[in-house]
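Architecture at a glance
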Amino acid sequence: MTDLMLQGVGMTSARTRDRLIQRLVEQGVTNMRVLDVMRDTPRHIFLDEALSHRAYEDTALPIGHGQTLSQPYIVARMTELLLGAAGKLEKVLEVGTGSGYQTTILAQLVPQVYSVERIKPLQDKARERLRQLGLRNVQLRHADGGFGWPDMGPYDGILSTAAPHAVPEELLKQLAPSGVLVIPLGGKKQHLNLIMRDGDSEKFITRIIEAVNFVPLVTGTLR
Ligand code: SAH
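These notes cover the structure that comes with them.

Procedures and definitions
Residues numbered from 1 in each chain as written. Predicted model: local features only at pLDDT ≥ 70, side-chain atom pairs only at ≥ 80, totals over all residues. Heavy atoms only, no water. Core = buried A, V, L, I, M, F, W, Y, C linked by side-chain atoms within 4.5 Å. Buried < 20%, exposed > 50% of the residue type's maximum accessible area, 1.4 Å probe, protein only. Helix = DSSP H or I, 4+ residues; strand = E, 2+ residues; numbered from the N terminus. Contact = heavy atoms within 4.5 Å. Pairing = 2+ DSSP bridges. Arc of directions from axis to C-beta.

Below, the discussion takes up the nonpolar core. With 51 residues, the main nonpolar core has Leu24, Met38, Leu82 and Val182 as its most contacted residues. Considering every element that reaches this core, the biggest residue donor is helix 4 (residues 72-85), with 8 residues. Excluding residues within four positions of it along the chain, Leu24 makes contact with Val29, Leu35, Met38, Asp58, Pro72, Tyr73 and Ala76. With 15 residues, the next largest nonpolar core counts Val116, Ala143, Trp149 and Leu185 among its residues.

Written out as structure tokens, the structure is:
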């Protein structure tokens, strides 16, 4: 990828990106670190060329295999919740790598990022993009993220970008003391949940944040 492609022109230029950031602020995103990283991250490289001109609209966009790149507002909101609720945030697990956009945002804010995706071709593309961006603090795995990534845990934060009906027990188990899980839950009607482990106890405190619309968490993997 050339510098010009990363930098963006026309509908993917710095000015277009600034407008998106302005919109996120208007919607109540306040974490400056999150806003800065989102301003500096070229969202257009996470989309097929035919869609890249829409990259800085505040909307979810298709990435193939029936999956979507999350809406920027939701990416910002989830990241902000994770940063705000966790004490130390050394190690984060993402469930649902998809295009790798959310992974890229996290990797610029957290020392170690692990991300699991069930659809191999999506993971392959994401891996290539992370390589092009020079991000070296991310590890990807092709697996069913409903089981987390036990070997690398526990995690200070877990962020799921696919929605199960109920919280996967395994994800709770892989939370470090005072760890935080940000996850959409539900079927047709979904809500974003912020679940905090109470110190090193087995107690969890849940806050329901807002109505959301994610692709479902699906079991098993696809080659
Ligand atoms: N974070 C992504 C969002 C992609 S949509 C991005 O920024 O582009 C959610 C992703 O979760 C899809 O790629 C889907 O394949 C994946 N997914 C769904 N169920 C999963 C599971 N059980 N394990 C791992 N990934 C899963």
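The structure having been displayed, the exposition proceeds.
Among the structural elements, Val95 can be located in strand 3 (residues 91-95). Taking the C-alpha atoms as reference points, Val95 and Ala143, 48 residues apart in sequence, are found 9.6 Å from one another. In contact with Val95, not counting residues within four places along its chain, are Val116, Gly145, Ile158, Leu159, Ser160, Thr161, Ala162, Leu171 and Leu217.

This part covers the pairing of strand 1 (residues 61-64). Sheet topology places strand 1 next to strand 2 (residues 67-69); 3 bridges connect them, and they run antiparallel. Within strand 2, the position partnered with Gly64 by the bridge is Gln67.

The next subject is helix 3 (residues 32-40). Every buried residue of helix 3 is accounted for by Val34, Leu35, Val37 and Met38. Mapping the buried residues of helix 3 onto a view down its axis gives an arc of 165 degrees, with all of them on the same face. When the buried face of helix 3 is taken as reference, the exposed residues oriented beyond 90 degrees from it are Met32 and Asp40. Where helix 3 is buried, its residues contact helix 2 (14-26), helix 4 and helix 5 (101-107).

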